[in-house]
Amino acid sequence: MATQEINNRILEFPGAPGMDSEEEEVAEWIEAFDQVVEEEGANRGCELLEALIERARTSGVEVPIQLNTPYINTIPVEEEVPYPGDRQLERRLKSLTRWNAMAMVHRQNKTDAGIGGHISTYSSLATLLEVGFNHFFHGCYGDQPGDFIYFQGHASPGVYARAFLLGRITEEQVLNFRHELRGLPALSSYPHPWLMPDFWRFPTVSMGLGPLNSIYQARFMRYLENRNLIPRTPRKVWAFVGDGETDEPESMGSLTLASREKLDNLIFVVNCNLQRLDGPVRGNGKIIQELEAAFRGAGWNVIKVMWGGDWDRLFARDKSGLLVKRLGEVVDGEYQAYKVKGGEYIRRKFFGKYPELLEMVSDMSDEELHRLTRGGHDPQKVYNAYKRAVEHEGSPTVILAHTVKGYGLGSAEARNATHQEKKLADQALTAFRSRFEIPVPEMAAKEGRLYRPPDDSPEIVYAKKRREELGGFLLIREVPKSTFEAPPLSEFADSVAGSKGRAVSTTMGFVSMLRQLMKDPKIGKLIVPIIPDEGRTFGMESIIRQVGIYASQGQLYKPHDQDMLLYYREEKDGQILEEGITEAGSMASFTAAGTAYANYRVPTIPFFTYYSMFGFQRIGDMVWAFADSRGKGFMMGGTAGRTTLAGEGLQHQDGHSLVLSSTVPTCHTYDPAYVYEVAVIVQDGIRRMYQEMEDRFYYITLYNEDYAMPQMPEGCEGGILSGLYKYKSAPSGKAIMQLFGSGPILNEALRAQEILAEKYGVQADVWSVTSYNELRRDALATERWNRLHPAEPEKRPYILTALDGAEGPIVAATDFMKVVPDQLSPWLGRRLVSLGTDGFGRSDNREHLRRHFEVNAESIAAAALSRLARDGKFDVQRVQKAFEELGVDSEKIDPAIA
Ligand SMILES: Cc1ncc(C[n+]2csc(CCOP(=O)(O)OP(=O)(O)O)c2C)c(N)n1
Ligand SMILES: [Mg+2]
């Protein structure tokens with residue numbers, strides 16, 4: 001007999017006559033256990049069980065690991081506390097919010113077909129949010145902002161509807177939901193701080209980013225507290241997550257960080273409506289059980305909110321456990337069908353499987369069966385779950401709330417197609433109106449008229465009072481005025497002075513710069529170095545020693561290298577976020593740190609230094625969301641360049657991150673060759689981002705090739721920041737052509753300059769191009785101005801004024817793809833010849849790599865001669881010979897396709 005069944009029988013009839021000896025033995029054990037729990041308490045019972053399990057394991061008995069609990073509420077009804085709010089007024093508020101959320105989408109799609117929006121997600125989420133807004137979400141903690149809420153992006157109409165009821169946003173805004181470009185106050189489709197900077201904090205609509213970012217947010221909050229940059233508060237990070245959204249690796253990938261870091265300031269609420277966009281999340285299984293096991297296995301506190309209060313009566317009747325057993329048997333696809341097919345179907349298919357269950361509900365009508373509530377729609381159950389979650393200590397909590405997608409939307413409820421529903425049929429609208437008692441005339445209801453009760457109506461007064469008691473409105477993002485003073489360039493003197501002949505890389509130069517910055521008495525403590533397990537690659541051991549790695553528990557072991565100068569130092573108030581091998585996690589930390597100026601009113605300055613190949617192409621969507629969040633900081637792409645990173649080959653050699661970074665509007669991309677260039681960019685970046693409060697961030701490449709870093713030539717700061725300056729004039733002073741170089745390839749251009757002059761008598765100037773992207777943006781903006789002001793004198797972009805007087809063709813060489821210099825083609829036209837590293841990388845040394853990709857000095861010189869020959873400025877026959885001398889093979893395979 002199955003253990004469960006024996007247990008049920010024994011529980012029902014302890015000591016019943018006719019038990020066999022096996023059953024009697026079990027009964028005795030259970031009786032003894034019950035006695036211990038009764039006399040010595042539940043904890044003692046738990047200890048005994050644990051001891052038994054351990055004993056069983058050490059004696060070789062295989063005990064199955066049980067991560068699931070039955071398919072019922074985690075909190076038993078007898079442990080619930082009564083609801084503290086006015087249920088009636090709250091229901092009213094919720095109904096009005098539901099109405100306005102639905103109406104907002106419905107009417108907009110009636111007037112502007114195809115404008116989109118969602119009504120089903122919020123319908124399933126309404127109770128989960130309302131209980132939070134009325135009882136849990138704090139508006140502030142002293143001078144610190146309140147709780148952080150990551151809303152499900154597609155539920156935004158509900159969030160707007162509530163803000164509308166409370167007067168936080170106007171009717172005009174609501175009427176312009178998804179009409180952002182009409183010169184009127186409007187609402188963005190989803191949570192976007194870029195578009196609604198005083199309202200939204202967190203962009204969440206790209207599935208998976210909200211959950212991931214929220215974990216690192218909670219962790220960063222602890223980091224700031226442990227480093228005494230903010231006071232410790234009971235503030236929580238709440239993340240509302242879709243059950244379908246948990247399929248994203250980003251959603252589940254960092255769960256163990258949250259438990260390892262004991263983030264009891266973090267609460268996930270998974271809206272388990274069992275559906276995603278196309279259909280059921282797990283038609284043939286049970287998503288809630290799957291998530292329970294995953295979260296519990298990852299060390300989270302799991303609270304399941306499965307069934308509403310109307311089920312409690314049934315559970316009370318369920319002496320044998322048969323109802324619980326039946327709930328456990330049914331798969332999600334079937335649960336969904338129950339909601340669609342109604343009470344008669346539920347009676348027949350669900351309760352009808354066992355005669356005892358049919359009997360149990362014999363006094364209930366089909367309608368009552370259909371209405372049996374899922375836990376996520378019962379404020380009492382939700383309240384109790386939230387209360388436990390905020391009181392829980394020592395680990396993060398996940399609430400798995402069972403809901404119905406499209407709840408209350410009549411025919412759209414729980415249907416596979418409900419996610420895409422934008423409009424309701426007239427009949428559904430009027431049914432909605434009656435069900436939720438919305439005081440809008442029938443005709444107006446059909447058009448989706450909004451409804452806001454007067455400010456002095458009991459429900460609005462109540463709602464505002466609740467918010468007042470919780471510290472004010474929640475949806476406010478305020479950026480304090482900056483009092484920040486950026487350190488002047490003179491504080492970067494070491495970097496500007498050059499390396500005095502010593503061969504160093506820009507990475508090494510940057511690391512010493514960072515070390516210096518962290519010593520700055522004013523801003524040093526605000527620097528947040530972030531690294532995903534590449535500290536040693538970038539030579540950051542000294543920084544680890546200087547400021548320590550953040551470790552919330554301190555260092556619980558004696559590091560084996562403690563006797564060494566640069567030992568692995570972990571500290572409770574350590575400054576470095578060493579994230580381990582997770583670029584996504586590091587980017588989430590970068591996001592928390594890069595938005596702290598607004599979210600914590602502490603302008604932390606993150607430097608996220610990583611292997612450039614595993615940046616934009618791996619976590620590009622997170623960078624996009626970072627920009628949307630108005631994030632500030634420096635992304636430092638280490639080991640950049642397809643030919644500079646030698647040996648590593650195809651997967652590691654990055655020749656395109658500059659292309660990807662150029663797509664992010666607030667990202668300012670630089671590819672410096674020398675340490676002083678890095679210093680100028682970083683100094684000015686800090687000033688613009690934190691002193692001038694510009695919404696921008698930086699992507700700067702760093703290389704690992706060592707060479708002597710020159711002292712900064714006078715007066716080149718402007719050129720460095722604008723993207724280009726002349727680094728070395730032609731030896732004779734009279735150039736007939738120009739060479740552009742970036743990063744270490746600038747050295748190749750300089751060598752080409754010599755070759756051309758010495759061997760072929762061709763004089764060329766050499767320019768350092770720090771940013772093709774900045775040059776292009778400036779030129780585009782200038783061109784646009786000219787286009788829109790045809791009567792005004794034409795302006796000239798920086799790239800043209802800077803090149804005034806520079807003669808001849810231009811050969812631009814980069815360690816990135818040719819498309820990087822090609823960004824200037826519209827302004828340089830046929831003058832421009834781009835050399836770059838298109839194609840897959842190879843493992844070899846720099847010399848061979850640069851020859852393969854045709855970006856070495858010889859290839860640059862050959863390209864220059866070839867171009868001059870075509871222009872009739874150099875003898876073609878001589879070029880052929882020069883190719884031989886330079887080792888250039890005209891028939892070699894194109895590296896772009898090799
Ligand atoms: C990365 C990403 N992929 C796809 C989408 C498109 N999308 C929007 S909502 C949705 C389904 C959401 O299902 P679920 O998470 O269960 O939320 P629900 O609406 O059911 O509450 C999808 C696929 C997206 N927003 N982001
Ligand atoms: Mg869902």
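Just so we're clear, the structure is a prediction, and the values are computed from it rather than from any experiment. Sequence order as written defines the numbering, with residues in each chain counted from 1. Here chains are named by letter from A upward and ligands by number from 1 upward, in the order in which they appear as written. Restriction of local features to residues with pLDDT of at least 70 applies here, the model being predicted, together with a cutoff of 80 or more for giving and counting side-chain atom pairs; totals for whole chains, interfaces and linings are based on all residues. The side-chain values count all of the structure's non-hydrogen atoms but skip hydrogen atoms and water molecules.

Trainee: What is the right way to read the coordination of the magnesium ion (ligand 2) from this model?
Mentor: Four donors placed tetrahedrally around a metal ideally meet at 109.5 degrees, and six donors placed octahedrally ideally meet at 90 or 180 degrees. The donor set covers N, O and S atoms within 2.8 Å of the metal, switching to 3.2 Å for Na, K and Ca, and it leaves out water, so a site may look short of donors. Listed as protein donors to the magnesium ion (ligand 2) are Asp243 (OD), Asn273 (OD1) and Gln275 (O); their distances from the metal cover 2.0 to 2.1 Å. We note that the donor set of the magnesium ion (ligand 2) lies within a single chain, spaced as D-x29-N-x1-Q. Of this pair, Asp243 sits in the loop between β4 (237-242) and α9 (249-252) while Asn273 sits in the loop between β5 (266-272) and α11 (287-297), and the two are 30 residues apart along the sequence. Taken as a pair, Asp243 and Asn273 share a single burial class, namely buried. Going along the chain from the N terminus, every DSSP run of H or I of four or more residues is numbered as a helix, and every run of E of two or more is numbered as a strand. Here the term buried applies to any residue with accessible area under 20% of the maximum for its type, exposed to any over 50%, and partly exposed to those in between, with areas from a 1.4 Å probe on protein chains only.

Trainee: Teacher, can you tell me more about the packing of helix α23 (residues 506-519) against helix α29 (residues 675-691) here?
Mentor: Two numbers describe how α23 lies on α29: the axes approach to 9 Å, and their chain directions differ by 40 degrees. Classified by the angle their axes make, α23 and α29 are oblique. Read as a crossing pair, α23 and α29 show a hand that is right-handed. From α23, Thr506, Gly509, Met513 and Leu517 reach across to α29, where they touch Val675, Val678, Ala679, Val682 and Ile686. Here, axes are lines fitted to C-alpha atoms. For helices the fit covers the stretch in contact, and angles between N-to-C directions go from 0 to 180 degrees. What sets the label is the angle itself: under 35 degrees gives roughly parallel, over 145 gives roughly antiparallel, 65 to 115 gives roughly perpendicular, and the rest give oblique. Handedness of a crossing is defined here by the sense of rotation of the near helix relative to the far one, left-handed for an anticlockwise turn of less than a right angle and right-handed for a clockwise turn. Between two residues, a contact is recorded if the distance between any of their heavy atoms is within 4.5 Å.

Trainee: Can you help me understand a negative patch on the surface in this one?
Mentor: Grouping into patches uses exposed residues only, defined as over 30% relative accessible area, and leaves out salt-bridged ones; the cut-off is 9 Å for like charges and 5 Å for nonpolar side chains (Val, Leu, Ile, Met, Phe, Trp, Tyr). To be clear on the numbers: accessible area is Shrake-Rupley with a 1.4 Å probe, and residue cover counts the displayed protein chains and nothing else. Salt bridges are identified by distance alone: a Lys or Arg side-chain nitrogen within 4 Å of an Asp or Glu carboxyl oxygen. The sign given to each residue is positive for Lys and Arg and negative for Asp and Glu; His and the chain ends receive no count. The atoms used to mark charge sites are NZ of Lys, CZ of Arg, CG of Asp and CD of Glu. Together, Asp20, Glu22, Glu24, Glu25, Glu28, Glu31, Asp34, Glu38 and Glu39 give the surface a local cluster of negative charge. As for its position among the elements, Glu22 is in helix α2 (residues 21-40). The exposure class of Glu22 is partly exposed, given its relative accessible area of 44%.

Trainee: In this structure, what is going on with the packing of helix α4 (residues 87-111) against helix α5 (residues 120-135)? I would like to understand it.
Mentor: What describes two packed helices is the angle between their axes and the distance between those same axes. α5 packs onto α4 with a crossing angle of 135 degrees between their chain directions and a minimal axis gap of 10 Å. Here α4 lies oblique to α5, going by the angle between them. You can see that α4 and α5 cross each other, and the crossing is right-handed. Judged by residue contacts, Glu90, Leu93, Lys94, Thr97, Arg98 and Ala101 of α4 engage Tyr122, Ser123, Ala126, Thr127, Glu130, Asn134 and His135 from α5.

Trainee: How should I be thinking about unusual backbone geometry in this particular structure?
Mentor: Excluding glycine, most residues fall at negative phi; most peptide bonds, likewise, are trans. One non-glycine residue with positive phi stands out, namely Leu274, at about 65 degrees. With respect to the element layout, Leu274 can be found in the loop between β5 and α11. Of the residues examined, Leu274 reaches a relative accessible area of 1% and is grouped as buried. Its identity is not glycine, yet Glu854 carries a phi of approximately 65 degrees, on the positive side. Relative to the elements of secondary structure, Glu854 occurs in the loop between α36 (846-853) and α37 (857-870).

Trainee: Quick question: what am I supposed to make of the site of ligand 1 here?
Mentor: Note on terminology: near, applied to a residue and a molecule or strand, indicates that one of the residue's heavy atoms is within 4 Å of it. Close to ligand 1 lie 18 residues; Thr121, Gln152, Asp243, Gly244 and Lys405 are nearest. Take Gln152: an N or O atom from its side chain is 2.8 Å from an oxygen atom of ligand 1. Gln275 places a polar main-chain atom, nitrogen or oxygen, 2.8 Å from an oxygen atom of ligand 1. For ligand 1, whose free accessible area comes to 590 Å², the fraction covered by protein is 75%. Within 3.5 Å is the distance limit for a polar contact, defined as a pair of N or O atoms, with the added protein rule that one can donate a hydrogen and the other accept it, and that residues adjacent in sequence qualify only through two side-chain atoms.

Trainee: Sorry, what's going on with the sheet that holds strand β6 (residues 301-305) here?
Mentor: Strands in a sheet are paired, the pairing made by backbone hydrogen bonds, and the direction either parallel or antiparallel. Each pair of strands is called paired provided DSSP finds at least two bridges between the two strands. With respect to topology, five strands assemble into an open sheet ordered β3-β4-β5-β7-β6, the strand pairing being parallel. Taken across any chain shown, the strands that pair with only one partner, and hence form the sheet edges, are β3 (148-150) and β6. Recorded for the sheet is a direction-independent mean angle of 15 degrees between the axes of neighbouring strands. Judged from the six bridges that link them, β5 and strand β7 (residues 397-402) form a sheet pairing that is parallel. Looking at the pairing, Phe268 lines up with Val398 of β7. Along the sheet, α11 contacts β5, β6 and β7; its crossing angle with β6, the most-contacted strand, is approximately 165 degrees.

Trainee: Is there a simple way to explain α36 in this structure?
Mentor: Helical geometry: 3.6 residues make up each α-helical turn, so side chains three or four residues apart lie on a common side. When we look at burial in α36, the residues that qualify are Leu849, Arg850, His852 and Phe853. Along the axis of α36, the buried residues cluster in a sector spanning 160 degrees; they form a single face. Contact partners of the buried residues in α36: α31 (745-760). Glu854 occupies a position one or two residues after α36 and carries a positive phi of about 65 degrees. Taken from the helix axis, the directions to the C-beta atoms give the arc we talk about.

Trainee: Any chance you could explain the packing of aromatic side chains here in plain terms?
Mentor: For any two aromatic rings, the description comes down to two numbers: the centre-to-centre distance and the angle of the planes. Between rings of Phe, Tyr and Trp, where Trp is taken as its six-membered ring, a pair exists when centres lie within 6.5 Å; planes separated by under 30 degrees are stacked, by over 60 edge-to-face, and by other angles tilted. Summed over the entire model, instances satisfying the criterion amount to 50 aromatic pairs. Centroid distance Phe136 to Tyr383: 5.2 Å. Interplanar angle 45 degrees. Geometry classified as tilted. You can see Phe136 sitting in the loop between α5 and β1 (140-141) and its partner Tyr383 sitting in helix α18 (residues 379-391), a full 247 residues away along the chain. Ring centres 6.1 Å apart and planes at 55 degrees place the aromatic pair Tyr338 and Tyr345 in the tilted group. By relative accessible area, Tyr338 is classed as buried at 4%. Classification of Tyr345 by relative accessible area gives buried; the value is 10%. A ring is scored as having a charge over it whenever the NZ atom of a lysine or the CZ atom of an arginine sits within 6 Å of its centre and within 35 degrees of its normal. The ring centre of Tyr597 lies 4.6 Å from the NZ or CZ of Lys632, which sits over that ring.

Trainee: How should I be thinking about the pattern of salt bridges in this particular structure?
Mentor: Close approach of charged atoms lets side chains of opposite charge pair. Per the counting criterion, the structure on display carries 49 salt bridges. Between Arg44 and Glu47 there is a salt bridge whose closest N-O contact spans 2.8 Å. Residue Arg44 and its partner Glu47 are located together in helix α3 (residues 42-58), separated by three residues, close to a single helical turn. Exposure remark for Glu47: the relative accessible area of 43% places this residue in the partly exposed category. The closest approach of N and O atoms between Arg219 and Glu579, which form a salt bridge, is 3.0 Å. Residue Arg219 is located in helix α8 (residues 209-226), and its partner Glu579 is located in the loop between β12 (577-578) and α25 (583-594); the two are separated by 360 residues in the primary sequence. Each member of the pair, Arg219 together with Glu579, is buried.

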